Amino acid sequence: FIQIENENHSYKGTGLGLTIVKKLLKLYNSKIHLKSEPEKGAEFSFSLHLKKNTDQSLQISNSNTTKNKIDKTILTEDTHVLIVDDNKINQRITKKILERYRVKSSLANSGKQAISMSKKDAYDIILMDINMPDINGMEAAIKIREFNSHVPIIALTAVELDEMREEILNSGINDVIHKPYSIAEFLNIIMKNLSNTK
């Protein structure tokens, strides 16, 4: 889901609401329905058929514990990440996660700014939003690849990957982190791409 014909690029929010709802509904074999009329608004609806839970014991599986072990030694204080996102909230969340691992990060508010910053400074990795005004993430990646073929570029996006994964990867982007993501998944993908450059 994306917003169209929106000239207000200073709006708040992460743009994840409908993506999260869609994923939750899929778990219950349901779908989200949309009725939309320009200038009048949009109506989203869904139906759920649920059974009462009579099981008194709730067991939590730890089967993913081993899988999500992270080799944090790849991340050092010398690691420098460029975060490219036109949404200030998304920027702040990503920066905070990296700060926990003492990773330095710089912020770009647009694809155009990311291209300019990438020409001036050397980054170990670039985290690139896809949907941005003026120059989107894929266009920015194509431009960066004209002068830097080795820096890993990872798309950090809520777009539907089934439809766009091939187009994203063909733009010079190395990998994709799909929002909403777990911190373990986020770090594993970053470190997998960093290790490929060592």
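Bear in mind the structure is a predicted one, so any value in this text is a computation, not a measurement. (Residues numbered from 1 in each chain as written. Predicted model: local features only at pLDDT ≥ 70, side-chain atom pairs only at ≥ 80, totals over all residues. Heavy atoms only, no water.)

Peer 1: So what about the sheet that holds strand β3 (residues 80-84)? Which residues, and what values?
Peer 2: Pairing in this open sheet of five strands is parallel, and the strands run β4-β3-β5-β6-β7 from one edge to the other. The open sheet has two edge strands, β4 (104-108) and β7 (175-178), and neither has a second partner. Averaged over all pairs of adjacent strands, the angle between their axes in this sheet comes to 25°, without regard to strand direction. Note that strand β5 (residues 125-128) and strand β6 (residues 153-157) share three bridges and pair parallel. Looking across to β6, one finds that methionine 128 is bridged to alanine 155. Docked against the sheet, helix α6 (residues 183-195) engages β5, β6 and β7, running at close to 170° with respect to β7. (Pairing = 2+ DSSP bridges. Helix = DSSP H or I, 4+ residues; strand = E, 2+ residues; numbered from the N terminus. Axes fitted to C-alpha atoms, helices over the stretch in contact; angles between N-to-C directions. Contact = heavy atoms within 4.5 Å.)

Peer 1: I'd like a description of the side chain of asparagine 193, backed by residues and values.
Peer 2: As for its position among the elements, asparagine 193 is in helix α6. A residue is classified by how much of its surface remains accessible, and asparagine 193, at 6% relative accessible area, is buried. Among the polar contacts made by the side chain of asparagine 193, one reaches the side chain of aspartate 175 at a distance of 3.2 Å. Of note is the side chain of asparagine 193, whose polar atom sits 2.7 Å from the backbone oxygen of isoleucine 189. Setting aside residues no more than four positions away along its own chain, asparagine 193 makes contact with Ile125, Pro152, Ile154, Asn174 and Asp175. (Buried < 20%, exposed > 50% of the residue type's maximum accessible area, 1.4 Å probe, protein only. Polar contact = N/O pair within 3.5 Å; in protein donor to acceptor, adjacent residues only side chain to side chain.)

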